[in-house]
Amino acid sequence: MFNVIKKEILNQSVKRMVITAPDIANKVLPGQFVVIRINEEGERIPLTVASCNKKKGIISIIFQEVGFTTRKLGRLKEGDAILDILGPLGHAAEIKKYGKVVCVAGGVGVAEVIPVADALQRAHNKVIGIIGARTKELIILEKEMRLFSDELYIATNDGSYGQEGLVTDVLRSILEQKIDLVYAIGPVPMMEAVANLTRDYKIKTIVSLNPVMVDGTGMCGSCRVSVGGETKFCCVDGPDFDGHSVDFRELAERLKLFNNQESEMSAR
Ligand code: NAD
Ligand code: FES
């Protein structure tokens with residue numbers, strides 16, 4: 001059993017949980033994720049490990065309550081237990097000295113980009129952070145992101161905080177500089193827009209994908225994505241892929257596949 005030892009509300013739909021998971025804390029690297037099953041009947045959901053403390057044997061996860069299971073997870077209280085946490089899974093982000101790196105995150109993607117920005121900064125890269133949300137109240141983890149960015153830009157769709165517009169509006173102005181890598185995490189349309197923008201500038205762009213996952217071990221095929229015309233399984237080949245080669249349209253369609261079941265479960 002994995003015990004919830006701390007729970008925090010980051011915004012109206014995003015929560016952070018600190019969980020005891022010593023074996024995972026000991027091994028997990030930036031960019032890796034876990035698959036969580038709350039109880040025997042529960043579906044499995046993949047969540048990026050937002051931070052870990054090896055000494056204390058704890059990890060933290062940050063999730064948006066978007067469906068039946070994430071809402072159920074959000075209802076757990078400090079002291080409650082989670083049945084299974086499988087991981088760490090997936091390849092770690094490729095951390096090396098690139099030079100100047102832009103880390104772009106949309107919405108709850110900030111939680112996932114932070115461990116990567118931290119590792120890239122430790123590897124002596126200059127990290128430019130861009131975080132965006134629809135409105136000021138939805139911006140999360142600004143303080144933490146500021147800590148791991150040499151420069152940080154904020155965008156809100158309604159202009160209530162930072163620059164008015166999308167993260168790509170900020171990125172467009174930054175791309176006039178020489179940039180060596182762009183790392184993007186967020187909703188699929190955002191990652192697609194980032195990749196479309198950087199393609200023209202021929203800047204290597206890594207995106208971290210989160211398709212539907214079931215077993216998390218490459219057996220069920222539910223997380224398949226097309227990258228450069230080849231089928232890849234996000235759980236074992238990813239989650240990071242070359243953004244210029246990902247078929248985002250197919251990914252968006254596949255994400256809609258379970259919408260009916262999701263609505264049925266949510267109505268219960
Ligand atoms: P959102 O729709 O509120 O977007 C957040 C920000 O991303 C926006 O403020 C904007 O700056 C940027 N953005 C969104 N669409 C864009 C576009 N077409 N072009 C350029 N920039 C764009 O995001 P949300 O509500 O936090 O998340 C929506 C969905 O995305 C959720 O279902 C969530 O699970 C998923 N998501 C996936 C990941 C991942 O791991 N890849 C990370 C975060 C969110
Ligand atoms: Fe089953 Fe990836 S989750 S193959």
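Definitions and limits used
Residues numbered from 1 in each chain as written. Chains lettered and ligands numbered in written order. Predicted model: local features only at pLDDT ≥ 70, side-chain atom pairs only at ≥ 80, totals over all residues. Heavy atoms only, no water. Salt bridge = Lys/Arg side-chain N within 4 Å of Asp/Glu carboxyl O. Helix = DSSP H or I, 4+ residues; strand = E, 2+ residues; numbered from the N terminus. Buried < 20%, exposed > 50% of the residue type's maximum accessible area, 1.4 Å probe, protein only. Pairing = 2+ DSSP bridges. Axes fitted to C-alpha atoms, helices over the stretch in contact; angles between N-to-C directions. Parallel < 35°, antiparallel > 145°, perpendicular 65-115°, else oblique. Contact = heavy atoms within 4.5 Å. Nonpolar A, V, L, I, M, F, W, Y, C, P; charged D, E, K, R; others polar. Polar contact = N/O pair within 3.5 Å; in protein donor to acceptor, adjacent residues only side chain to side chain.

1. A look at the pattern of salt bridges
Here is step 1: Taken as a whole and judged by the stated rule, the model has 16 salt bridges.
Here is step 2: We note a salt bridge from glutamate 65 to lysine 15, for which the minimum N-O separation is 2.7 Å. Taken as a pair, glutamate 65 in the loop between strand S5 (58-64) and helix H2 (68-75) and lysine 15 in strand S2 (residues 14-20) lie far apart in primary sequence, 50 residues in all.
Here is step 3: On the basis of relative accessibility, which here comes to 15%, the residue lysine 15 falls in the buried class.
Here is step 4: Note that arginine 249 and glutamate 192 form a salt bridge whose closest N and O atoms lie 3.0 Å from each other. Taken together, the positions of arginine 249 in helix H8 (residues 248-256) and glutamate 192 in helix H6 (residues 188-201) put the pair 57 residues apart, joining distant regions of the chain.
Here is step 5: For arginine 249, a relative accessible area of 57% translates into the label exposed.
Here is step 6: For glutamate 192, a relative accessible area of 15% corresponds to the buried category.
Here is step 7: It is possible to trace a salt-bridge network through shared partners that takes in Lys6, Glu8, Arg16 and Glu144.

2. A word on the pairing of S5
Here is step 1: With six of seven residues buried, S5 lies mostly within the body of the structure.
Here is step 2: One ladder, built from seven bridges, connects S2 with S5; its direction is antiparallel. Counted as the bridge partner of methionine 17 is isoleucine 61 from S5.
Here is step 3: Hairpin connection of strand S4 (residues 45-53) to S5: four residues between the antiparallel strands, including glycine 57 at a positive phi of 70°.

3. A word on the packing of H6 against H8
Here is step 1: Contact pair H6 / H8: the axes reach a minimum separation of 10 Å and the direction vectors enclose 180°. Looking at the two axes, H6 sits roughly antiparallel to H8. Counting all contacts with H6, which are made through Val188, Met191, Glu192 and Ala195, the residues of H8 involved are Phe248, Arg249, Leu251, Ala252 and Leu255.
Here is step 2: Among the residues making up the contact of H6 with H8, the classes are represented as seven nonpolar, no polar and two charged.

4. Side note on the environment of serine 226
Here is step 1: Assignment of secondary structure puts serine 226 in strand S14 (residues 224-227).
Here is step 2: For serine 226, a relative accessible area of 16% puts it in the buried group.
Here is step 3: Along the sequence, serine 226 and threonine 168 sit 58 residues apart, while their C-alpha atoms lie 24 Å from each other.
Here is step 4: For serine 226, the side chain forms a polar contact with the side chain of glutamate 250, separated by 2.8 Å.

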